[in-house]
Amino acid sequence: MIPFHLERVWSVLPDILSKFPKTLEIVVLTAFLGAILGAMLAKWHLQTGSVKYKIAQYYISAMRCTPPIVLIFLVFYAFPKLIETIFLIDINGWPKSIFVISALVLLFSANIAVTFEAAYLAVPKGQTEAGLVSGLSETRTFFRIILPQALVIALPNIANNLLTLLKEGSLAYMIGYVDIMGQAQNIISRNLGNFGLETYVAVTLVYWVVALVIEGGSLQLEKILSRHKGQRLEGQT
């Protein structure tokens, strides 16, 4: 039986945490860009019967059925060849983070689009009508009345999508991107395969803490938004 050295877990943590900014970079940029693309896809998917609806439907279906590791490999190996063939530009020397983020944005946008659409549809239609009748424009009605309510509804699923993104981002080391998972692989290699269990336990602890922060932040934000929603409704009455 291979012995487990608890002290080794704490000794490798600083080395692993040194690459945490790399992991954070992937999650934050992917979430930001993916949310923008996801909002557009959700809007298109609400336009039933249009060409945009078909594009959004096929895109969402295709991305949600593609394993993350497969898409990361496709973007990393196939995308540079495609760009070189069409535009005669060599992008093989670009930072690996660009390819990882590009692949994860494609996945995240499809999942978040479903979340956005479901939250929007969950808001009673009478809310929009009430805003328009009160003299607000369609845009102001959306941002002042619909969006705050939809955000409260969507927050739990947004948090789940972020947790999924955090886990999918750990696959970036497969193409040589050194985040906390990639650093763990480097530590194990430097130790000739020794202390692998301790190193993976250290990585797991980091992911657990980040997941707890995401979940806790989501719950607190949901409470704040719900409180403001209640105060706004009381003011209207």
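See the structure printed just above.
As the structure is a prediction and not an experimental result, all values here were calculated from the model. (Residues numbered from 1 in each chain as written. Predicted model: local features only at pLDDT ≥ 70, side-chain atom pairs only at ≥ 80, totals over all residues. Heavy atoms only, no water.)

Caption draft 1: Representation of the overall build of the protein chain within the structure. For the protein chain, the count of helices and strands is nine helices and zero strands. Reading the protein chain from its N end, one meets helices and strands in the order α-α-α-α-α-α-α-α-α. Taken along its principal axes, the extent of the C-alpha atoms in the protein chain is 70 × 50 × 30 Å. Counting every position in the protein chain, which comprises 237 residues, the buried fraction comes to 37%. Summed over all atoms, the accessible surface of the protein chain reaches about 13800 Å², with 67% contributed by carbon and sulfur. Within the protein chain, the 14 negative side-chain charges are centred at a point lying 6 Å from the centre of the 18 positive side-chain charges. (Helix = DSSP H or I, 4+ residues; strand = E, 2+ residues; numbered from the N terminus. Buried < 20%, exposed > 50% of the residue type's maximum accessible area, 1.4 Å probe, protein only. Areas by Shrake-Rupley, 256 points an atom, 1.4 Å probe, with all protein chains shown as cover. Lys, Arg positive; Asp, Glu negative; His and termini not counted. Charge placed at Lys NZ, Arg CZ, Asp CG, Glu CD.)

Caption draft 2: Expanded view of the nonpolar core. Counting residues in hydrophobic clusters, the biggest one holds 57 residues, and the most contacted among them are Ile16, Val100 and Leu104. Of all the secondary structure elements, the ones that give two or more residues to this core are helix H1 (6–17), helix H2 (20–45), helix H3 (51–64), helix H4 (68–87), helix H5 (96–122), helix H7 (138–169), helix H8 (180–190) and helix H9 (196–236). In terms of residue count, the dominant contributor to this core is H5 (twelve residues). Among all residues touching Leu104, those that are not within four sequence positions of it are Ile26, Thr30, Ile72, Leu165, Glu168 and Gly169. (Core = buried A, V, L, I, M, F, W, Y, C linked by side-chain atoms within 4.5 Å. Contact = heavy atoms within 4.5 Å.)

Caption draft 3: Local environment of a nonpolar patch on the surface. Taken together, the side chains of Phe79, Leu82, Ile86, Phe87 and Ile89 make up a nonpolar region of the molecular surface, amounting to roughly 490 Å² of accessible area. Mapped onto the elements, Ile86 comes out in helix H4. When its relative accessible area of 53% is taken as the criterion, Ile86 is described as exposed. (Patch = residues over 30% accessible without salt bridge, like charges linked within 9 Å, V, L, I, M, F, W, Y side chains within 5 Å. Salt bridge = Lys/Arg side-chain N within 4 Å of Asp/Glu carboxyl O.)

Caption draft 4: Broad picture of the packing of aromatic side chains. Within this structure, the stated rule accounts for five aromatic pairs. Between the aromatic rings of Phe76 and Tyr77, the centroid separation amounts to 4.9 Å while the plane-to-plane angle is 75 degrees, which identifies the pairing as edge-to-face. When its relative accessible area of 17% is taken as the criterion, Phe76 is described as buried. Aromatic side chains Tyr120 and Phe142 sit 6.4 Å apart centroid to centroid with 45 degrees between the ring planes, which places their arrangement in the tilted category. One end of the pair, Tyr120, is in helix H5; the other, Phe142, is in helix H7, with 22 residues separating them in the sequence. (Phe/Tyr/Trp six-rings, centres within 6.5 Å; stacked < 30°, edge-to-face > 60°.)

Caption draft 5: Spotlight on unusual backbone geometry. A positive phi is found at Leu88, a non-glycine position, where the angle reads about 60 degrees. Structurally, Leu88 is set in the loop between H4 and H5. Its identity as a non-glycine residue notwithstanding, Phe195 has a phi of 60 degrees, on the positive side. Examined against the element boundaries, Phe195 turns out to sit in the loop between H8 and H9. Since its relative accessible area comes to 30%, Phe195 is described here as partly exposed.

Caption draft 6: Here's a closer look at H8. Those residues of H8 not exposed but buried are Ile180, Met181, Gly182, Gln183, Ala184, Ile187 and Ile188. N-capping of H8 is provided by Asp179, with a side-chain oxygen placed 3.2 Å from the backbone N of Met181. Looking one or two places after H8, you find Leu192, whose phi comes out positive at around 55 degrees. (Polar contact = N/O pair within 3.5 Å; in protein donor to acceptor, adjacent residues only side chain to side chain.)

Caption draft 7: The arrangement of the packing of H4 against H5 in detail. Two elements in contact, H4 and H5, have axes whose closest approach is 9 Å; the angle formed by their N-to-C orientations is 130 degrees. Classed by the angle they form, the pair H4 and H5 counts as oblique. As for the relative orientation of H4 and H5, their crossing is right-handed in sense. Of H5, the residues touching H4 (which contributes Pro68, Leu71, Ile72, Val75, Phe76, Phe79 and Pro80) are Lys96, Phe99, Ser102, Ala103, Leu104, Leu106 and Leu107. (Axes fitted to C-alpha atoms, helices over the stretch in contact; angles between N-to-C directions. Parallel < 35°, antiparallel > 145°, perpendicular 65-115°, else oblique. Left-handed = near helix turned anticlockwise from the far one by under 90°.)

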